[in-house]
Structures are given as C-alpha cells and as structure tokens.
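Summary of structural features
Spelled out from the first residue to the last, the chains are:
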Amino acid sequence: MNGLELNKKLAEWLGWEFREDSYRVYSGASGWGHISSLPNFSQSLDACRRYLFPKLWSDNKLWEHFVELARWEGSPPNHRRLKDGEMGRHLLDPMFICQIIEKLIDESAIKKT
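Report on the accompanying structure. Bear in mind the structure is a predicted one, so any value in this text is a computation, not a measurement.

The rules behind the values
- Residues numbered from 1 in each chain as written.
- Predicted model: local features only at pLDDT ≥ 70, side-chain atom pairs only at ≥ 80, totals over all residues.
- Heavy atoms only, no water.
- Pairing = 2+ DSSP bridges.
- Helix = DSSP H or I, 4+ residues; strand = E, 2+ residues; numbered from the N terminus.
- Disulfide = S-S within 2.5 Å.
- Buried < 20%, exposed > 50% of the residue type's maximum accessible area, 1.4 Å probe, protein only.
- Core = buried A, V, L, I, M, F, W, Y, C linked by side-chain atoms within 4.5 Å.
- Contact = heavy atoms within 4.5 Å.
- Salt bridge = Lys/Arg side-chain N within 4 Å of Asp/Glu carboxyl O.

**Focus on the sheet that holds strand E3 (residues 33–34)**
The strand order E1-E2-E3 describes an open sheet built from three strands, whose pairing is antiparallel. Looking at which strands have only one partner, the edges of the open sheet turn out to be strand E1 (17–19) and E3. Where strand E2 (residues 22–24) and E3 come together, two bridges link them in antiparallel fashion. Note on E3: the bridge partner recorded for Ser22 is His34.

Below is the structure:
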C-alpha cells in the first residue's frame with residue numbers, strides 16, 4: 001500500500017468522505033478538497049496528533065487495543081514486547097502510528113465479516 005492509499009484508508013476510518021479525486025472532512029462541510037491536499041498522516045506527527053489521536057482517545061477500548069498492538073514489534077512467532085522507553089520512541093514515528101491504526105482497521109473489518 002502506498003502512502004496515498006494509507007492516508008486515504010486512515011481518513012475513511014476518521015469518517016471523511018471521498019468522491020473521485022476529492023475529499024471532505026464531514027458530510028456537512030461546504031467544500032471539497034483535492035485528494036493531493038489530504039493530510040500526510042504517515043509522514044506528519046502533527047497530522048497524527050490533530051486527527052488520529054483524538055479518535056483513538058475517544059474510545060477507551062480502542063485506545064487500549066492500540067497501546068497493546070504498539071507494544072509488540074515484528075510478527076509472530078518472532079515478535080518481541082517493547083520496553084516502555086522503546087514504545088515511547090516508536091510513538092514519535094508517524095509511520096509506526098499509522099501502521100498500528102491500519103492493524104486496528106483491518107482487525108475490525110475481519111470482525112464485521
């Protein structure tokens with residue numbers, strides 16, 4: 001998945017709407033922005049803090065699951081639990097944050113089927 005696809009997936013998770021090459025933050029928004037101006041979540045810690053973290057924080061179970069997924073590095077059976085200091089450093093990496101949220105999205109999609 002390229003950066004634009006990941007950013008679009010995250011924006012859809014936030015509830016943003018898409019139409020061809022345009023997006024808007026909510027259905028009542030007065031205008032549409034071009035998809036090229038979509039926040040670059042995977043490259044911007046500021047975009048993660050502004051848009052992604054508030055949704056995570058709005059649901060305790062979602063936040064707890066995010067933290068649990070973030071504690072593990074790698075894939076089974078070779079994954080390892082991160083120490084708190086290591087996890088803190090990873091949470092400063094926007095791509096890491098986006099990949100964990102993508103796991104949450106994919107897990108919830110599996111549960112719905």
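**Observations regarding the state of the cysteines**
For the structure on display, the rule yields zero disulfides. Distance from the sulfur of Cys98, which forms no disulfide, to the nearest cysteine sulfur (Cys48) is 4.2 Å. Assessed through its relative accessible area of 0%, Cys98 is described here as buried.

**Describing the nonpolar core**
In terms of nonpolar packing, the biggest core is built from 27 residues, with Leu10, Phe41, Leu52, Phe66 and Ile101 touching the most fellow members. For this core, the secondary structure elements donating two or more residues are helix H1 (3–13), helix H2 (45–57), helix H3 (60–70) and helix H5 (94–112). The residues touching Phe66, leaving out its near neighbours within four places in the chain, are Phe53, Leu56, Leu91, Ile97, Ile100, Ile101 and Leu104.

**A short note on the pattern of salt bridges**
Under the counting rule described, the total for this entry stands at three salt bridges. With a closest N to O distance of 3.3 Å, Glu102 and Lys9 form a salt bridge. On the criterion of sequence distance, the pair formed by Glu102 in helix H5 and Lys9 in helix H1 is long-range, its members being 93 residues apart. Classification of Glu102 as buried rests on a relative accessible area of 17%. For Lys9, a relative accessible area of 18% translates into the label buried. The partner of Glu17 in a salt bridge is Arg24, with the nearest N and O atoms 3.1 Å apart. In this structure Arg24 comes out as buried when scored by relative accessible area, which is 17%. When salt bridges that share partners are traced, they join Lys9, Glu102 and Asp106 into one network.

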